[in-house]
Amino acid sequence: MESDSKSASAGAATGPFGYSVKLPSDLEYIPPLRQFVAEIARVEGFSKKFCFRTEIIVDELVTNGILHGSQDVHSGITLSARFEDGAMNLSVQDQGGTRQNLENLKRAVYSPKPPSNDKKKGRGLVIVQMLSSEIKIDLGENGHTQVHVVKTKDPDESQAQREKLLYESDI
Amino acid sequence: MRISQQISQHDERIVLLHFEGDLNATDCEATSKIFQEIIDSKKYFIVALMENVTFVSSPFLGELMGCKLRLVEKGGNMVIVGLNYDLRERLVQMGADKIFQFYPDTHTAYNHYHWEYTQSAQVVTITLPPKLQSVPAVRRFIAGIAKQKGYTARDSFRIETIVDEIANNAIEHGDASQPEISVELRIDRKKFELLVRNKTLMDKANQLKYVLEANKETAQSGDTRGRGLALVKLISNSINVSIDKTGTEVKITKMREDS
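Residues numbered from 1 in each chain as written. Chains lettered and ligands numbered in written order. Predicted model: local features only at pLDDT ≥ 70, side-chain atom pairs only at ≥ 80, totals over all residues. Heavy atoms only, no water.

Peer 1: Please provide a residue-by-residue account of the packing of helix H6 (residues 153-172) of chain B against helix H8 (residues 228-235) of chain B, values included.
Peer 2: Residues and elements named next belong to chain B. Orientation of H6 relative to H8, taken along the N-to-C sense of each, is 145 degrees, at an axis distance of 10 Å. The handedness of the crossing between H6 and H8 is left-handed. Where H6 abuts H8, its residues Arg-158, Thr-161, Ile-162, Glu-165, Ile-166 and Asn-169 lie against Gly-228, Leu-229, Leu-231, Val-232 and Ile-235. Considering only residue class, the contact of H6 with H8 consists of six nonpolar, three polar and two charged. (Axes fitted to C-alpha atoms, helices over the stretch in contact; angles between N-to-C directions. Helix = DSSP H or I, 4+ residues; strand = E, 2+ residues; numbered from the N terminus. Left-handed = near helix turned anticlockwise from the far one by under 90°. Contact = heavy atoms within 4.5 Å. Nonpolar A, V, L, I, M, F, W, Y, C, P; charged D, E, K, R; others polar.)

Here it is in structure tokens:
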């Protein structure tokens, strides 16, 4: 796998004790998926704020993967999430889009610049950059594209640990 | 108005119709003729691409409804793709959303086509660590998918109950050293299948098989637990268990109630 990154530690999120979801390339799956990842983050002890922001990140990355990566209806998207050392490692893999799609993605990740006010699109990855600690792209030999995001706990996460205990007592 | 047509590269049974500009009453006749030519060529699925449409008049909308009716009579359909927000709002105010499906892009329209007409199942696979705390998220995720796919609230609730029970069993009665469990969902317009795989100690797996095949409940009247599988049997259409060296697989099938 060719690694194309500006960050050394944003590695693949798969691995032991992680979560993985493989789903069809269909926008209808996104609302339940983003809620699922947010809820899992909550179970893993992250704050409500962290989980809400995770939901935004998942929504954006998976929407991009479906619209620009896995454009064949029969293709899929794989999301992996691992939680360790106070951080969430998230990875979204698609089938890889056109060369232009990839160039656009690289530009958006490595040279993020908000679009002008008259543009309706192009703000999603800028927001992901703002909400995450690290982001990088991996290009697979089979043409697949993986976007990795690391999001570390906010300084106020100790509060989240207390909330986690309350949450677990609810379920 | 400008209108052009092409056969979809995705599926040759689908025709893409590109509309541009204002769609006025004066354009109805020409449009009707184009639709008739498409129907005569035995193509009954049309995706109307309207990214570059600036206005849709009431008579033109009526014309589109008539064209859609002709397609539906042939077992086909027409959907609308790419409307801008303002135009979409206007069409919704005119009640067009009760007649047409609106999609943001052709990709989503193709997904709808496959779901409705080719009856192909969609598959979602989840792997998760064997933590009981994860199960509520998984069950809500799968029930959410069922709702998104048009299953009724009652079906979704029952699916949630099934997932909860089977996933909890897979974790609770599974091998304590198993690194993960796998939950696979296969869903189509008519049925829902759930496959849960885990590593189980052989005596537990055989006990599970016995309970299911002998049609017995595990619980005695005084027990507080052990009724889960009986409940799952009540609300599903079939349960199968297969056991081999790699683990145990429980497969549940539930037919959609309103299919």
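Peer 1: Describe the state of the cysteines, and please don't skip the residues or the numbers.
Peer 2: The tally for this structure, following the rule as stated, stands at zero disulfides over all chains. For the unlinked cysteine Cys-67 of chain B, the closest cysteine sulfur is that of Cys-28 of chain B, found at 8.8 Å. (Disulfide = S-S within 2.5 Å.)

Peer 1: An account of the pattern of salt bridges is needed here, citing residue identities and associated values.
Peer 2: Between side chains of opposite charge, a pair can form as their charged atoms come close. Counted under the stated rule, the structure contains 21 salt bridges over all chains. Measuring nitrogen to oxygen at the nearest pair gives 2.5 Å for the salt bridge that ties Asp-59 of chain A to Arg-34 of chain A. Separated by 25 residues along the polypeptide, Asp-59 of chain A in helix H2 (residues 48-69) and Arg-34 of chain A in helix H1 (residues 30-43) bring together distant segments of the chain. Under the relative-accessibility criterion, Asp-59 of chain A is labelled partly exposed at 22%. Look at Arg-34 of chain A and you get partly exposed, because its relative accessible area is 23%. Between Lys-136 of chain A and Asp-138 of chain A there is a salt bridge, with its nearest N and O atoms 3.6 Å apart. With a relative accessible area of 7%, Lys-136 of chain A lands in the buried category. Here the residues in one salt-bridge network are Glu-184, Arg-186, Arg-197 and Glu-249 of chain B, joined through shared partners. (Salt bridge = Lys/Arg side-chain N within 4 Å of Asp/Glu carboxyl O. Buried < 20%, exposed > 50% of the residue type's maximum accessible area, 1.4 Å probe, protein only.)

Peer 1: Explain empty space enclosed by the protein to me, using residue names and the numbers behind them.
Peer 2: All names here are of chain B. All chains considered together, the criterion is met by one cavity of 30 Å³ or more. Around the largest cavity, the lining residues are Ile-14, Phe-45, Ile-46, Val-47, Asn-77, Met-78, Val-79, Ala-109, His-112, Tyr-113 and Tyr-117. Of all the secondary structure elements, the ones that give two or more residues to the lining of the largest cavity are strand E3 (45-56), strand E4 (77-81) and helix H4 (106-118). Grouping the constituent residues of the lining of the largest cavity by class yields nine nonpolar, two polar and no charged. (1 Å grid on protein atoms, 1.4 Å probe; cavity = no way out; pocket = protein on both sides within 12 Å on 5 of 7 lines; lining within 4 Å. Points joined across faces, edges and corners; volume = space filled by probe spheres on them.)

Peer 1: Pulling in residues and values, what's your account of the packing of helix H1 (residues 28-40) of chain B against helix H2 (residues 58-73) of chain B?
Peer 2: All names here are of chain B. Remark: H1 packs on H2, axes separated minimally by 10 Å, with the N-to-C direction vectors making an angle of 15 degrees. Classed by the angle they form, the pair H1 and H2 counts as roughly parallel. Viewed along their axes, H1 and H2 form a crossing whose handedness is right-handed. For the pair H1 and H2, the contacting residues are Cys-28, Thr-31, Ser-32, Phe-35, Gln-36 and Ile-39 in the first and Pro-59, Phe-60, Glu-63, Leu-64, Cys-67, Arg-70 and Leu-71 in the second. Residues that form the contact of H1 with H2 fall into these classes: eight nonpolar, three polar and two charged. (Parallel < 35°, antiparallel > 145°, perpendicular 65-115°, else oblique.)

Peer 1: Any details on H1 of chain B? Residues and values, ideally.
Peer 2: Residues and elements named next belong to chain B. An ideal rise of 1.5 Å per residue puts 18 Å on 13 residues; H1 measures up with 18 Å between its terminal C-alpha atoms. If you check which residues of H1 are buried, you get Cys-28, Thr-31, Ser-32, Ile-34, Phe-35, Ile-38 and Ile-39. What you see down the axis of H1 is that its buried residues fit within an arc of 160 degrees, all on one side. Projecting away from the buried face of H1 at angles above 90 degrees are the exposed residues Glu-29, Lys-33 and Asp-40. Those residues of H1 that are buried lie in contact with strand E1 (2-7), strand E2 (14-23), E3, H2 and E4. (Expected span 1.5 Å × (residues − 1). Arc of directions from axis to C-beta.)

Peer 1: Before we move on, can you summarise helix H5 (residues 135-148) of chain B with the specific residues and values?
Peer 2: With 14 residues, H5 of chain B extends 20 Å from end C-alpha to end C-alpha; this agrees with the ideal 20 Å at 1.5 Å per step. Taken as a whole, H5 of chain B has its buried residues at Val-135, Pro-136, Ala-137, Val-138, Phe-141, Ile-142, Ala-143, Gly-144, Ile-145 and Ala-146 of chain B. For H5 of chain B, the elements touching its buried residues are strand E2 (19-24) and H1 of chain A together with strand E6 (122-128), H6, strand E7 (181-187) and strand E8 (191-198) of chain B. One or two residues past the end of H5 of chain B sits Gly-150 of chain B, with phi positive at roughly 95 degrees.

Peer 1: An account of the interface of chain B and chain A is needed here, citing residue identities and associated values.
Peer 2: Between chain B and chain A, the contact holds 30 residues from the first and 31 residues from the second. Taking both partners together, chain B and chain A bury about 2500 Å²; carbon and sulfur atoms supply 60% of that area. If you sort the residues of chain B by the area they bury against chain A, His-107, Phe-141 and Gln-148 of chain B come out on top, with a joint share of 24%. Seen at the junction of chain B and chain A, the total is four salt bridges. In this structure, Glu-28 of chain A engages Lys-149 of chain B in a salt bridge whose closest nitrogen and oxygen atoms are separated by 2.8 Å. Linking chain B with chain A are 12 residue pairs in polar contact (both at pLDDT 80 or more). At the level of elements, H4, E6 and H5 of chain B are the ones that each hand at least two residues to the side of chain B that touches chain A. No other element matches the eight residues that H5 of chain B contributes to the side of chain B that touches chain A. Among the residues making up the side of chain B that touches chain A, the classes are represented as 14 nonpolar, 12 polar and four charged. Across three bridges, E2 of chain A lies against E6 of chain B in antiparallel orientation. Following the sheet pairing, Lys-22 of chain A is matched in E6 of chain B by Thr-125 of chain B. (Buried area = accessible area lost by both parts, 1.4 Å probe. Polar contact = N/O pair within 3.5 Å; in protein donor to acceptor, adjacent residues only side chain to side chain. Pairing = 2+ DSSP bridges.)

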